[in-house]
Amino acid sequence: MVSATSSGTPYYFVPHPSKWPMVGAIALAFFGFGLASWVNGAPFGPWLFAIFIAILAYMMIGWFGAVARESESGLYGERVDVSFRWSMSWFIFSEVMFFAAFFGALYYARSIATPWLGDLDHRSLLWPDFQATWPNAGPAGVVEPFQTIGPWPIPTLNTALLLTSGVTLTIAHHALKDNRRAPLAFWMLVTILLGFTFLGFQAYEYVHAYSELNLKLSSGIFGSTFFMLTGFHGFHVTVGAIMLSAVLFRILRGHFTPQRHFAFEAAAWYWHFVDVVWLGLYVVVYWL
Amino acid sequence: MSAVLDHPGDHAHGHAHDHPSGWRRWLYATNHKDIGTMYLWFSFAMLLVGGVNALLLRTELFQPGLQILRPEFFNQLTTMHGLIMVFGAVMPAFVGFANWQVPLMIGASDMAFARLNNFSFWLLPVAASLLIVSYFVPGGATAAGWTLYAPLSVQMGPGMDLAILALHLMGASSIMGSINIITTILNMRAPGMPLMKMPMFCWTWLITAYLLLAVMPVLAGAVTMVLTDRHFGTSFFNAAGGGDPVMYQHIFWFFGHPEVYIMILPAFGIISEVIPTFARKPLFGYSSMVYATASIAILSMIVWAHHMFTTGMPVTGQLFFMYATMLIAVPTGVKIFNWVATMWRGSMTFETPMLFAVGFIFVFAIGGFTGLIMAVAPLDIQIHDTYYIVAHFHYVLVAGSLFALFSGTYYWIPKWTGHMYDERLGKWHFWASMITFNITFFPMHFLGLAGMPRRYADYPMQFADFNAVVTIGAFGFGLSQLIFLWMVIRCIKGGAKASDRVWENAHGLEWTVPSPAPFHTFETPPVVK
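What counts, and where the lines are drawn
- Residues numbered from 1 in each chain as written.
- Chains lettered and ligands numbered in written order.
- Predicted model: local features only at pLDDT ≥ 70, side-chain atom pairs only at ≥ 80, totals over all residues.
- Heavy atoms only, no water.
- Helix = DSSP H or I, 4+ residues; strand = E, 2+ residues; numbered from the N terminus.
- Buried < 20%, exposed > 50% of the residue type's maximum accessible area, 1.4 Å probe, protein only.
- Contact = heavy atoms within 4.5 Å.
- Areas by Shrake-Rupley, 256 points an atom, 1.4 Å probe, with all protein chains shown as cover.
- Rg over C-alpha atoms; globule rule 2.2 N^0.38 Å.
- Patch = residues over 30% accessible without salt bridge, like charges linked within 9 Å, V, L, I, M, F, W, Y side chains within 5 Å.
- Salt bridge = Lys/Arg side-chain N within 4 Å of Asp/Glu carboxyl O.
- Buried area = accessible area lost by both parts, 1.4 Å probe.
- Polar contact = N/O pair within 3.5 Å; in protein donor to acceptor, adjacent residues only side chain to side chain.
- Nonpolar A, V, L, I, M, F, W, Y, C, P; charged D, E, K, R; others polar.
- 1 Å grid on protein atoms, 1.4 Å probe; cavity = no way out; pocket = protein on both sides within 12 Å on 5 of 7 lines; lining within 4 Å.
- Points joined across faces, edges and corners; volume = space filled by probe spheres on them.
- Axes fitted to C-alpha atoms, helices over the stretch in contact; angles between N-to-C directions.
- Parallel < 35°, antiparallel > 145°, perpendicular 65-115°, else oblique.
- Left-handed = near helix turned anticlockwise from the far one by under 90°.
- Expected span 1.5 Å × (residues − 1).
- Bend = angle between axes of the 7 residues up to and from the residue.
- Core = buried A, V, L, I, M, F, W, Y, C linked by side-chain atoms within 4.5 Å.
- pLDDT = per-residue confidence, 0-100.
- Phe/Tyr/Trp six-rings, centres within 6.5 Å; stacked < 30°, edge-to-face > 60°.
- Lys NZ or Arg CZ within 6 Å of the ring centre and 35° of its normal.

(A) Main features of the overall build of chain A. The helix and strand tally for chain A stands at eight helices and zero strands. Listing the helices and strands of chain A from first to last along the sequence gives α-α-α-α-α-α-α-α. Summarising its shape, the C-alpha atoms of chain A cover approximately 80 × 40 × 30 Å along the three principal directions. When each of the 288 residues of chain A is scored for burial, the buried share is 49%. Long-range pairs, those at least 24 residues apart, make up 70% of the contacts in chain A with a sequence separation of at least 6. When the accessible surface of chain A is split by element, carbon and sulfur atoms take 70% of a total near 13,100 Å².

(B) Highlighting the overall build of chain B. Counting secondary structure elements, chain B contains 17 helices and zero strands. Here chain B has a C-alpha radius of gyration of 23 Å; the compact-globule value for 529 residues is 24 Å, and the two agree. Along the longest, intermediate and shortest principal axes, the C-alpha atoms of chain B span 70 × 50 × 45 Å. When each of the 529 residues of chain B is scored for burial, the buried share is 66%.

(C) Focus on a nonpolar patch on the surface. A cluster of nonpolar residues, Trp-41, Trp-486, Ile-489 and Ile-492 of chain B, forms a patch on the protein surface that exposes about 390 Å² of accessible area. Considering the arrangement of structural elements, one finds Ile-489 of chain B in helix H17 (residues 464-493).

(D) Geometry of the interface of chain B and chain A. In this assembly, 74 residues from chain B lie in contact with 69 residues from chain A. Around 6,100 Å² of area is buried between chain B and chain A when both sides are counted, 75% of it from carbon and sulfur atoms. Linking chain B with chain A are one salt bridge. Residue Arg-115 of chain B pairs with Glu-70 of chain A through a salt bridge whose shortest N-O separation is 2.9 Å. Seen at the junction of chain B and chain A, the total is twelve residue pairs in polar contact (both at pLDDT 80 or more). Every element with two or more residues in the side of chain B that touches chain A is listed here: helix H4 (114-133), helix H6 (158-187), helix H7 (200-231) and helix H8 (245-262) of chain B. Tallied by class, the residues present in the side of chain B that touches chain A amount to 43 nonpolar, 24 polar and seven charged.

(E) Main features of unusual backbone geometry. The peptide bond linking Trp-152 of chain A to Pro-153 of chain A adopts the cis configuration, its omega dihedral lying at 0 degrees. For the peptide bond that leads from Ser-515 of chain B to Pro-516 of chain B, omega is -5 degrees, which places it in the cis range. Here Pro-516 of chain B is to be found in the segment after H17. Backbone geometry places Asn-179 of chain A, a non-glycine residue, at a positive phi of 60 degrees. Its relative accessible area of 45% is what places Asn-179 of chain A among the partly exposed residues. Notably, Leu-148 of chain B is not glycine yet its phi reads approximately 50 degrees, a positive angle. Here Leu-148 of chain B is to be found in the loop between H4 and helix H5 (152-155).

(F) Local environment of empty space enclosed by the protein. All names here are of chain B. Overall, the coordinates contain six cavities of 30 Å³ or more when judged by the stated rule. Along its surface, the largest cavity is lined by 14 residues, and Met-91, Val-95, Met-170, Ser-173 and Ser-174 are the ones closest to its centre. Looking at which element gives the most residues to the lining of the largest cavity, the answer is H6, with six residues. Residue composition of the lining of the largest cavity, by class: ten nonpolar, four polar and no charged.

(G) Just the packing of helix H3 (residues 71-106) of chain B against H6 of chain B, in detail. Residues and elements named next belong to chain B. Where H3 contacts H6, the axes come no closer than 11 Å and their chain directions differ by 15 degrees. With respect to each other, H3 and H6 are oriented roughly parallel. Helix-helix and strand crossings are classified by hand; for H3 and H6 the assignment is left-handed. Taken together, the residues of H6 that come into contact with H3 (itself represented by Leu-83, Phe-87, Met-91, Val-95, Ala-98, Val-102 and Ile-106) are Ala-163, Leu-167, Met-170, Ser-174, Ile-181, Thr-184 and Ile-185. Here the residues of the contact of H3 with H6 are counted per class, giving twelve nonpolar, two polar and no charged.

(H) Structural detail: the pattern of salt bridges. Here the structure, examined in full by the defined rule, presents 14 salt bridges over all chains. Of the charged contacts in the structure, one is a salt bridge between Arg-250 of chain A and Glu-72 of chain A, with a shortest N-O distance of 3.6 Å. Of this pair, Arg-250 of chain A sits in helix H7 (residues 220-252) while Glu-72 of chain A sits in helix H2 (residues 45-72), and the two are 178 residues apart along the sequence. With a relative accessible area of 13%, Arg-250 of chain A lands in the buried category. Linking Glu-423 of chain B and Lys-427 of chain B is a salt bridge whose minimum nitrogen-to-oxygen distance equals 3.2 Å. Here Lys-427 of chain B and Glu-423 of chain B lie together in helix H16 (residues 423-449), a separation of four residues that amounts to about one turn. Here the residues in one salt-bridge network are Asp-81, Arg-85, Arg-260 and Glu-265 of chain A, joined through shared partners.

(I) Up close: the packing of H7 of chain A against helix H8 (residues 262-287) of chain A. Residue and element names in this part refer to chain A. Taken N-terminus to C-terminus, the directions of H7 and H8 make an angle of 160 degrees; their axes are 9 Å apart at the nearest point. As judged from the angle between their axes, H7 and H8 are roughly antiparallel. Crossing hand, H7 versus H8: left-handed. When grouped by side-chain class, the residues that make up the contact of H7 with H8 number 21 nonpolar, four polar and one charged.

(J) Molecular detail of H7 of chain B. With 32 residues, H7 of chain B should cover 46 Å at 1.5 Å per step; its first-to-last C-alpha distance of 46 Å lies within 8% of that length. At Leu-213 of chain B, H7 of chain B is deflected by roughly 25 degrees, the largest bend along its length, and proline Pro-217 of chain B occurs up to four residues later in sequence.

(K) Main features of the nonpolar core. Judged by nonpolar contacts, the single largest core of 274 residues is most densely connected at Met-188 and Phe-264 of chain A together with Phe-87, Trp-205, Trp-339 and Phe-360 of chain B. Counting residues per element, this core draws most heavily on H7 of chain B, which supplies 22 residues. In this structure Phe-87 of chain B touches Pro-92, Trp-146, Leu-167, Met-170, Met-216, Leu-219, Phe-255 and Glu-259 of chain B, once residues within four positions along its chain are discounted.

(L) Summary view of the confidence of the model for chain A. Looking at chain A as a whole, the pLDDT averages 94, with 97% of positions reaching at least 70. Considering only residues more than four positions removed or in separate chains, one finds that residues 1-6 of chain A, a stretch of pLDDT under 50, has 22 contacts.

(M) Looking closely at the packing of aromatic side chains. Across all of its chains, the model carries 82 aromatic pairs over all chains by this definition. Ring plane angle 75 degrees and centroid distance 5.6 Å describe the contact between Phe-254 of chain B and Trp-304 of chain B, whose orientation is recorded as edge-to-face. Here Trp-304 of chain B lies in the loop between helix H10 (286-300) and helix H11 (315-327) and Phe-254 of chain B lies in helix H8, a separation of 50 residues in the sequence. Arranged with centres 5.1 Å apart and planes meeting at 55 degrees, the rings of Tyr-411 of chain B and Trp-412 of chain B form a pair that is tilted. Each member of the pair, Tyr-411 of chain B as well as Trp-412 of chain B, carries the same accessibility label: buried. Its end group placed over the ring of Trp-20 of chain A, Lys-19 of chain A keeps NZ or CZ at 4.9 Å from the ring centre.

(N) Looking closely at the environment of Val-218 of chain B. Turning to its location among the elements, Val-218 of chain B is positioned in helix H7. Relative accessible area serves as the criterion here: at 3%, Val-218 of chain B is assigned to the buried category. With residues near it in sequence (within four places) discarded, Val-218 of chain B still touches Met-97 and Ala-101 of chain A together with Ile-251 and Phe-254 of chain B.

(O) Spatial organisation of the side chain of Ser-174 of chain B. Along the chain, the position of Ser-174 of chain B falls in helix H6. Not counting chain neighbours up to four residues away, the residues in contact with Ser-174 of chain B comprise Met-91, Leu-212 and Met-216 of chain B.

(P) How the structure looks around H8 of chain B. Residue and element names in this part refer to chain B. In this model, H8 (18 residues) spans 26 Å end to end at C-alpha, consistent with the 26 Å of a helix rising 1.5 Å per residue. The sharpest bend along H8 reaches about 35 degrees and sits at Trp-253. With 16 of its 18 residues buried, H8 lies for the most part within the structure. With a side-chain oxygen lying 2.9 Å from the backbone nitrogen of Val-246, the N-terminal cap of H8 falls on Asp-244.

This is the structure we're talking about:
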């Protein structure tokens, strides 16, 4: 919006009316009704959900494309840049709190629920054979026996992969700040490939858990916390990898300057965030 | 007035000056005033839907015995009344106020992220349609109470899944809205307005947005665990698999208790704007007001288990949560004291915004005191889940949040529409609401103390008289809100022309722009002295 300063960049930026939020809202209507019917076994559920994915992809390409065009045409001044920085920081804060709910569930299950289920009252009245140890399959004998996954080898390799990807991303950032475009694109590509290798290892680990260890989402509280924590983390790695891919796509189109490249930094912040969450998982889920 | 408004020579990026019209203006909106208007109408529509739910409940409870509703449907109505009022009416109404007022009060041209703003809004009708459709699926809507406690919430039909996904969408809407508001306040203030000179309404919203960002994701986690327990075989809340239903209560109330402050802090902000204007004195103790708001927010995150005194916890835990909860009375007392001190020896007049503000202090204080009583663990064990708690939270939510919303509407509606509202209708609305509110909710204290449990479709004969009174009051309160609707419609259609300043002693940037506020304001930032 328009109070042009001497440089031609407006003091404030207010976009003109846009259809993308409405497209997104329609997508999420398909999400809500689609997922609710899918989990209840309605045959059209998966189709509604597929429509949600399609509309969401359309919205993201269209909306992010519009933002990239506005950014490249110099509509975003200093103030908009600061707004982006604040908003990404607060978004990551909200993501931290989302993971806190699941880490909190793990803490509660291990440190409060398990000792409670094994205390004198429960042992003398309900479940005399229950051993209050971690991991456990619950006191009632409703969970099939399972084995757990230790930190070695795959989780440790995955730790190394994510930490390395953080380094390569920083190398890419330095290349961007020095305006060396070829190394920039190369190290971005390496970062993204490391991310997908991580996901590949994790998929292998899940298959291994299901087929050989009998460790499943339904393996009592251990399986619940294990798969929900690592699963949501894997989902966030996927989102981060998509962000980095979008940034790489823009790098190849010649976007960003050594001074102005917040999209790159935002994706990098997010990537470091999923990295830190992984370190927490590595310690409390695999090690302890 | 320092803003240059819609001047024709400035079309370098002229599209922003378009006045979109027709359906595109609303569906594709990027204007904070239009989006604020949509938020406010949506929340009022939800207030009526949730109100109809409540009146159906009260009709059933008019007499002992079962007259018009099956108990299962009664439980659905109880649950949906809570969900719709909390997530559909009160929270979006405050976001509507933030949309309209924050940019005007800090001298910004719009919200920081205009398209995101519209996305936040349009998720709400989607979520509301999920909730309303859930009445018509097999098994009906969720009947687990608005807290959706496991294991009950793990057992219900598809209506529960729709409610969970509706909560996800409303949570996403709140998170995006909060990021927008927090960024706008931190980064878009006019030059010369440091944080400690910002209007109190903006301060309360800044802190509310922080709370929303801290706890809405936790609610998302909690209901996701319910969803996977329901359909994917996890055992988070199932003791047989090593989980614990009590864990749900902890995670839920870690969200749920800050949530009640999310619904009252912006109300404090509105009251802190209204009272200085009509007392013709600056707000007493501005900085103590800021610190009190921040203290309430921080304390609100460490008191959640006072909702669970009867659930079972070690006595040390009970003591901690009891004393931490009682501590909140201190900053809240600071606020009440400051409002009263602002009025002290002020040159007061009692237009409708001030009536609602003074009424707010009066009835909210009652709700605050009953909260303090229930914070005492041994007392709470007696009155837990009785009508005493129903009385308490309606005193803070209806007489607190809703009265503040009315106060704010009367205060700013001349700025929004350009017309003065009908003062006679406003006074009728206030007195009718105030009297019928107390007829409805005051007797609930007695019912609760006498032992009548909440969320029951039937009750023994000894509770009959008070329940009849409550039902009569509830219908009176419901009908009183039609006066408000009529006032709003008349104010939009016409009425005396409002001046720029509207109120004699109103201070703040919003009063420097014309009434009605033009489509675009503060395109160049004003200078604040």
